[in-house]
Amino acid sequence: MNERTTLKINENGHLEIGGMDTVDIAKKFGTPVYVFDEAHLRNMMRAYQDVIDSDYDGFGLVLYASKAFSCKAVYSIANQENIGVDVVSGGELYTAVKAGFPTDKIYMHGNNKLLSELELALNCKVGTIVVDSYHEADILDKLCKERNLKQNVLVRINPGVEAHTHAFIQTARTDSKFGFSVSDGSAEDMIRYLLSKKNLVLEGYHCHIGSQIFEKQSFVLAAKKVLDFAFKIKNKLGFELKKLNMGGGFGIWYNDEDPKLKPEDHADYLKTLISAIKTKVKEYKLNKPYLLIEPGRSIVGEAGITLYTVGAVKDIAGIKKYVAVDGGMFENPRYALYQSKYTVILANRATEECTEMVSVAGKCCESGDLIAVDVPLPKAESGDIMAVLSTGAYNYSMASNYNRNFIPPAILVENGKADYIIKPQTFEDIVRNDATPDRLK
Ligand code: LLP
């Protein structure tokens, strides 16, 4: 069990989160349901901002990466915690604005921002747009000119460090669809181009080297490469960065192959990154850049669990045992997409010994519709409540109505209270946007 969350096993042998028995949550709200631990979310937001405050004189801002999980309530929490957010679509931006999030603390990403998204960003007075193509620079400059305004921008660069969990690789050239490479001159060309745009104010650089990263050195290396580049550009083009956005990517615990980090361990990643930045800034006598980081998964991932009800149990003698639940790839597509591993427990029998290895299947008409493969469980029976842990990030945000299943609701738990932050869908929602042309009537 993860001691950082409010997750624990109570005296009834049930899993508890946010002071609520998960069996009661399942009874009250039904299943499947996403459950978010408010205390955990807030702790993680604070843990990172505290490091910026203590180790970098408060000269920077944590931006919560909305793509991990976004809804109005999360923006309200981020706002109360005085952090910023990054958004990657009109939909995320609209949600943040609807939640009353201060738009000057919104950073807008995207490798192919639509005209309508850029217009929305300007209409909402988004603080910073992270430019990722010539196409975008042209459209944005034109829109700003028409509106007679100047827009702060960062440019997304690619430092040639790609990290994957425990390993990272350095590449001279990148084949990523994101950013401009520092090593082949394309980032420099783009900076020159942006500096020539009268209505865009280039403030600095953004990079993001990957996700679910545990190797501290990959962040250190990325910071060094970006600042080497910043120094080169200062000397060559006379442009000195004012802002440095190092993206997100800090890893979390999904199962026991991953380290179990406490908030202070997560904070340590940022401390290491900051120390590398300070060293380089000093070495090159640069002005200290305003620092931004964009953690998503590590803020919300372990804050969330998903509760299911076990339905059919199918034992294929000597081959495999499937325990089917009322969810599936429509609400957690990460096994189907990435073969992601999760920790699964029977929430109503949490103290019972695991006696068998099973695969957890969803209810979609597709063999690959699995939540977890070969995980230990007590002998599950229909009606048991199953909890899958660390589902707060990239589950709801990647859910769909595949097979016309309902995207589950989400609730926020805190100190024995539970409230909807995303309401349940109904059959009416499923057909809401269907249209029947007259000739079919
Ligand atoms: N900033 C940028 C520019 C990003 O592209 C991302 C993630 C983040 C921040 C947040 O990274 P995090 O701290 O959450 O690792 N769907 C995948 C994850 C894709 C992440 C893409 N970008 C998954 O389910 O694992």
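Residues numbered from 1 in each chain as written. Predicted model: local features only at pLDDT ≥ 70, side-chain atom pairs only at ≥ 80, totals over all residues. Heavy atoms only, no water.

Chemist: Residue-level account of the site of the ligand, with values.
Modeler: In the vicinity of the ligand, 18 residues are found, and the nearest of them are Ser211, Glu294, Arg297, Arg334 and Tyr394. In the model, an oxygen atom of the ligand is placed 2.9 Å from a nitrogen or oxygen of the Gly296 main chain. Within the contact set of the ligand, a nitrogen atom lies 2.8 Å away from a side-chain nitrogen or oxygen of Tyr338. Protein burial of the ligand: of its 590 Å² of free accessible surface, 86% is covered by the chains. (Near = heavy atom within 4 Å. Polar contact = N/O pair within 3.5 Å; in protein donor to acceptor, adjacent residues only side chain to side chain. Areas by Shrake-Rupley, 256 points an atom, 1.4 Å probe, with all protein chains shown as cover.)

Chemist: Provide a residue-level description of unusual backbone geometry, including the pertinent values.
Modeler: Residue Thr31 is joined to Pro32 through a cis peptide bond whose omega torsion reads -10 degrees. For Pro32, the position within the fold is in the loop between helix 1 (22-29) and strand 4 (33-37). Positive phi is not limited to glycine here, since Tyr394 has a value of about 60 degrees. Structurally, the position occupied by Tyr394 is in the loop between strand 21 (385-388) and strand 22 (410-414). What makes Tyr394 buried here is its relative accessible area of 16%. The phi dihedral of Arg404 is positive, around 55 degrees, even though this residue is not glycine. With respect to the helices and strands, Arg404 occurs in the loop between strand 21 and strand 22. Among the residues examined, Arg404 registers a relative accessible area of 44% and is labelled partly exposed. (Helix = DSSP H or I, 4+ residues; strand = E, 2+ residues; numbered from the N terminus. Buried < 20%, exposed > 50% of the residue type's maximum accessible area, 1.4 Å probe, protein only.)

Chemist: Could you give me a rundown of the side chain of Glu356, with the residues and numbers involved?
Modeler: Following the sequence through the fold, Glu356 ends up in strand 19 (residues 356-361). Polar contacts involving the side chain of Glu356 include one to the side chain of Lys321, which spans 3.0 Å. Not counting residues within four places of it along the chain, the set of residues in contact with Glu356 comprises Lys321, Val375, Pro376, Leu377, Pro378, Lys379 and Ala380. (Contact = heavy atoms within 4.5 Å.)

Chemist: So, the sheet that holds strand 2 (residues 15-17): which residues are in play, and what are the values?
Modeler: Pairing is antiparallel across the open sheet formed by three strands, whose spatial order is 1-2-3. A strand with exactly one partner marks an edge of an open sheet, and here the two such strands are strand 1 (8-9) and strand 3 (20-21). Here two bridges tie strand 1 to strand 2, and the two strands are oriented antiparallel to one another. The residue bridging Ile9 from the neighbouring strand is Leu15, located in strand 2. (Pairing = 2+ DSSP bridges.)

Chemist: Explain the nonpolar core residue by residue, including any values.
Modeler: Core analysis: the largest hydrophobic core is formed by 95 residues, its most contacted members being Phe69, Tyr205, Met246 and Ile277. Looking at which element gives the most residues to this core, the answer is helix 8 (residues 216-237), with 10 residues. Setting aside chain neighbours within four positions, we find Ile277 in contact with Tyr56, Ala223, Leu227, Leu244, Met246 and Leu291. The next biggest cluster of nonpolar side chains, apart from the first, holds 20 residues, and it includes Met20, Val35, Trp253 and Ala418. (Core = buried A, V, L, I, M, F, W, Y, C linked by side-chain atoms within 4.5 Å.)

Chemist: So what about the side chain of Asp258? Which residues, and what values?
Modeler: Turning to its location among the elements, Asp258 is positioned in the loop between strand 14 (243-245) and helix 9 (263-283). Within the structure, the side chain of Asp258 is placed 2.9 Å from the backbone nitrogen of Tyr254, a separation counted as a polar contact. Ignoring sequence-local partners within four residues, the contact set of Asp258 consists of Gln212, Phe214, Ile252 and Trp253.

Chemist: For the pairing of strand 6 (residues 84-87), give the residues involved together with the corresponding values.
Modeler: Neither face of strand 6 is exposed, since Gly84 and Asp86 on one face and Val85 and Val87 on the opposite face are all buried. In the sheet, strand 5 (residues 60-65) pairs with strand 6 via three bridges, with the strands oriented parallel. Among the inter-strand pairings, Ala65 is bridged to a residue of strand 6, identified as Asp86. Regarding the hand of the β-α-β motif, the stretch spanning strand 5, helix 3 (residues 72-80) and strand 6 is right-handed. Sheet topology places strand 6 next to strand 7 (residues 106-108); three bridges connect them, and they run parallel. Paired with Val87 across the two strands is Met108, which belongs to strand 7. Assessed by its sense of winding, the connection that carries the chain from strand 6 through helix 4 (residues 90-98) to strand 7 is right-handed. (Right-handed = clockwise from strand over helix to strand, strands pointing away.)

Chemist: Got a sec to walk through the pairing of strand 9 (residues 151-158)? Specific residues and values, please.
Modeler: When you tally the buried positions in strand 9, you get seven out of eight residues, the bulk of the element. Bridge count for strand 8 (residues 128-131) against strand 9 is three bridges, and the pairing is parallel. Each bridged residue has a counterpart across the sheet, and for Val130 the counterpart in strand 9 is Leu154. Each parallel crossover has a hand, and for strand 8 linked through helix 6 (residues 134-147) to strand 9 it is right-handed. Relative to strand 12 (residues 180-181), strand 9 runs parallel, the two being bridged by two bridges. Residue pairing across strands places Ile157 opposite Phe180, the latter belonging to strand 12.

Chemist: I'd like to hear about the environment of Asn148, residue by residue, with values.
Modeler: Topologically, Asn148 is positioned in the loop between helix 6 and strand 9. The spatial distance from the C-alpha of Asn148 to the C-alpha of Val413 is 46 Å, given a sequence separation of 265 residues.

Note that every value here comes from positions in space, so none of it alone points to a role or purpose.
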